[in-house]
Amino acid sequence: MVSFDHVAHTILTYIPYVLVLIDMRYEGVKCGTDGGVDNHMEMGKKLLAAGQLADALSHFHAAVDGDPKNYLAYYRRATVFLAMGKSKSALPDLSRVIELKPDFTSAWLQRGNLLLKQGKLDEAERDFKKVLNSSPSDKEEKEAQIQLTKSDELQRLVAQSRSSFNNKDYMTAAAQLDTIIETCVWDVASREMRAECFIEMGKMGKAISDLKATSKLKSDNTQAFYKLSTIYYNLGDHEMSLNEVRECLKLDPDHKQCYSHYKQVKKLNKQIQSAEELIQQQRYKDAVSKYEAVMKTEPNVQHFSLLAKERICHALTQDQGGSRAISVCTEVLQSNPENVNVLKDRAEAYLQDEQYEEAIKDYETAAKHSENDRQIKEGLERARRLLKQSQKRDYYKILGVKRTAQKKEIIRAYRKLAQQWHPDNFQDPEEKKKAEKKFIDIAQAKEVLTDPASRSR
């Protein structure tokens, strides 16, 4: 694609100071009511040289309208389109030039270069051969020969890339397609195939980049938008997925795949937004139910399951759901051990469950990944303070007896609590862990309070 910077640089290199010589009265000038084709052509050339592409284009439009058989008007307009990066608009103008003046080799060469960039190698080769079979200048002949050789090499590489792709050698195919796309930058087919390679290789970011390019290069590319939507969906980005599938339906409201996918994404998106609103309203139990519905709506995409469990973990923690919060948070951390938000939530749940040492461990782990988080620092200080306080045990409180309780009363309270908190009564790992700690505390309280010497201390 010919950029304005490149055009301006070329002009300034080969025609020094030419802009200074342009009469300033032409800047932004509109043609008079006579609208003569020659006047439009001259003004268009001056404005193009001055870099005023939009104004130049309007004059060349007028020139084409005034004389539909003026091949130079089409050629100049194509030049402006190329400078503006509008190759699709330039191509029909170059074809019209060739139709009006078949011996205009510059138009054949320009069109060949555009076709080459679009990956239309057979058509490009015909144009380059036409240049060589006419009476080109030395410069045109050299460029046409170089481009023809390049086109032949690309033809072989395209065949090789297809073979690699069909043999499921996606890494080799992607490397071959890289070379093709370096020249054929507007080749939709090559970018689509490379996107498929990246998908198979798990390189979703690169696949997205190629598919976005194809959605712009091909105006009605509903399939690109559908694939983009499904990739984002499988990555857990429901909002981007919804955006892309809507673009598909704008092009074709009856597209079966896009419409079916749209209904699924819209439902999921609505549930997630509703759940977040419930959390903001501190309606944590309702939020948990809503996120459980999310997991039922989409049970097969791990990203959504993890998102739902992460937010359930948070909601349960905020709702003082101690042991259940610990269980859900732990499940998330098994998949993502460095999730700082979940580490903070589980630490808070451990504090609620009086597991202060575990809370300290989580806060310390979170601090390694987020050193300047004030919430982590404050939580860690609180956990250490509570641990220190808990180490000053009140054995009477543990057994639920008065300080004047007799030995028989103490043993009776111990047996009741020991039966209640025996670890074998619990199946859930977190509940069992809590019971083990409680069972040890109960046993220790009984030993101390039934021994007169220890009790007196």
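Everything quoted here is computed from the prediction, not taken from an experiment. (Residues numbered from 1 in each chain as written. Predicted model: local features only at pLDDT ≥ 70, side-chain atom pairs only at ≥ 80, totals over all residues. Heavy atoms only, no water.)

(A) View of helix H10 (residues 170–183). In this model, H10 (14 residues) spans 20 Å end to end at C-alpha, consistent with the 20 Å of a helix rising 1.5 Å per residue. Taken as a whole, H10 has its buried residues at Tyr-170, Ala-173, Ala-174, Gln-176, Leu-177, Ile-180, Ile-181 and Thr-183. Taken end-on, H10 shows its buried residues confined to a sector of 165°, consistent with a single buried face. Facing away from the buried side of H10 by over 90 degrees, the exposed positions are Met-171 and Glu-182. Along its buried surface, H10 packs onto helix H7 (105–117), helix H9 (138–166) and helix H11 (188–201). (Helix = DSSP H or I, 4+ residues; strand = E, 2+ residues; numbered from the N terminus. Expected span 1.5 Å × (residues − 1). Buried < 20%, exposed > 50% of the residue type's maximum accessible area, 1.4 Å probe, protein only. Arc of directions from axis to C-beta. Contact = heavy atoms within 4.5 Å.)

(B) Examining the side chain of Gln-176 more closely. Looking at the secondary structure, you find Gln-176 in helix H10. Once residues lying within four places of it in the same chain are set aside, the contact partners of Gln-176 are Leu-157, Gln-160, Ser-161 and Ser-164.

(C) The environment of Arg-403, seen in detail. Inspection of the secondary structure assignment puts Arg-403 in the loop between helix H22 (395–399) and helix H23 (407–420). Taking relative accessible area as the criterion, Arg-403 reaches 56% and is therefore assigned exposed. Expressed as a C-alpha distance, the spacing of Arg-403 and Leu-449, which sit 46 residues apart in the sequence, is 9.5 Å.

(D) Structural detail: the packing of helix H19 (residues 340–352) against helix H20 (residues 356–369). One can describe the packing of H19 onto H20 by two numbers: an axis separation of 8 Å at closest approach and a directional angle of 160°. By the angle between their directions, the pair H19 and H20 is classed as roughly antiparallel. In this structure, H19 meets H20 at a crossing whose hand is left-handed. When H19 is examined against H20, the residues Val-340, Leu-343, Lys-344, Arg-346, Ala-347, Glu-348, Tyr-350 and Leu-351 are found in contact with a partner set consisting of Tyr-356, Glu-358, Ala-359, Asp-362, Tyr-363, Thr-365, Ala-366 and His-369. Class assignment of the residues belonging to the contact of H19 with H20 gives a composition of nine nonpolar, two polar and five charged. (Axes fitted to C-alpha atoms, helices over the stretch in contact; angles between N-to-C directions. Parallel < 35°, antiparallel > 145°, perpendicular 65-115°, else oblique. Left-handed = near helix turned anticlockwise from the far one by under 90°. Nonpolar A, V, L, I, M, F, W, Y, C, P; charged D, E, K, R; others polar.)

(E) View of the nonpolar core. Counting 105 residues, the largest nonpolar core has Val-80, Ala-107, Leu-114, Ile-180, Tyr-291 and Tyr-363 as the members making the most contacts within it. The residues contacting Leu-114, other than those within four sequence positions of it, are Leu-82, Ser-87, Ala-90, Leu-91, Leu-94 and Trp-186. Grouped together as the second largest cluster of nonpolar side chains are 17 residues, Leu-417, Trp-421, Ala-435 and Leu-449 included. (Core = buried A, V, L, I, M, F, W, Y, C linked by side-chain atoms within 4.5 Å.)

(F) Fine view of the layout of surface pockets. Reported here for the second largest pocket is a volume of approximately 790 Å³. With five residues, helix H24 (residues 429–449) is the single largest residue contributor to the lining of the second largest pocket. Residue classes in the lining of the second largest pocket are distributed as three nonpolar, five polar and 13 charged. (1 Å grid on protein atoms, 1.4 Å probe; cavity = no way out; pocket = protein on both sides within 12 Å on 5 of 7 lines; lining within 4 Å. Points joined across faces, edges and corners; volume = space filled by probe spheres on them.)

(G) Expanded view of the packing of helix H18 (residues 322–335) against H19. Here H18 crosses H19 at 155°, and the two axes come no closer than 9 Å. By the criterion of interaxial angle, the relationship of H18 to H19 is roughly antiparallel. Remark: the crossing between H18 and H19 carries left-handed chirality. Here Gly-322, Ala-325, Ile-326, Cys-329, Thr-330, Val-332 and Leu-333 of H18 come into contact with H19, specifically with Val-342, Leu-343, Asp-345, Arg-346, Ala-349, Tyr-350 and Gln-352.

(H) Up close: H9. With 29 residues, H9 should cover 42 Å at 1.5 Å per step; its first-to-last C-alpha distance of 43 Å lies within 8% of that length. Turning to H9, its buried residues number three or more, namely Glu-140, Ala-144, Gln-147, Leu-148, Ser-151, Leu-154, Leu-157, Val-158, Ser-161 and Ser-164. Tucked into the core, H9 has its buried residues touching H7, helix H8 (121–133), H10 and H11. Following H9 by one or two positions, Lys-168 has its phi on the positive side, about 65°.

(I) Region of interest: the state of the cysteines. In this structure the tally under the stated criterion is two disulfides. The disulfide partner of Cys-248 is Cys-258, and the gap between their sulfur atoms is 2.0 Å. Because the sign of the S-S torsion sets the handedness, a value of about 95° for the bond joining Cys-248 and Cys-258 places this disulfide among the right-handed ones. Placement of the pair is Cys-248 in helix H14 (residues 238–251) and Cys-258 in helix H15 (residues 256–280), with a sequence separation of 10 residues. (Disulfide = S-S within 2.5 Å.)

(J) Structural context of the pattern of salt bridges. Taken as a whole and judged by the stated rule, the model has 26 salt bridges. For Arg-374, the salt bridge goes to Glu-378, with nearest N and O atoms at 3.0 Å. One end of the pair is Arg-374 and the other is Glu-378, both in helix H21 (residues 374–390) and four residues apart, which spans about a single turn. Classification of Arg-374 as exposed rests on a relative accessible area of 63%. Overall, Glu-378 belongs to the partly exposed group, its relative accessible area being 43%. The network of salt bridges with shared partners includes Asp-178, Arg-191, Arg-194 and Asp-210. (Salt bridge = Lys/Arg side-chain N within 4 Å of Asp/Glu carboxyl O.)

What is shown is where atoms sit, not what they do.
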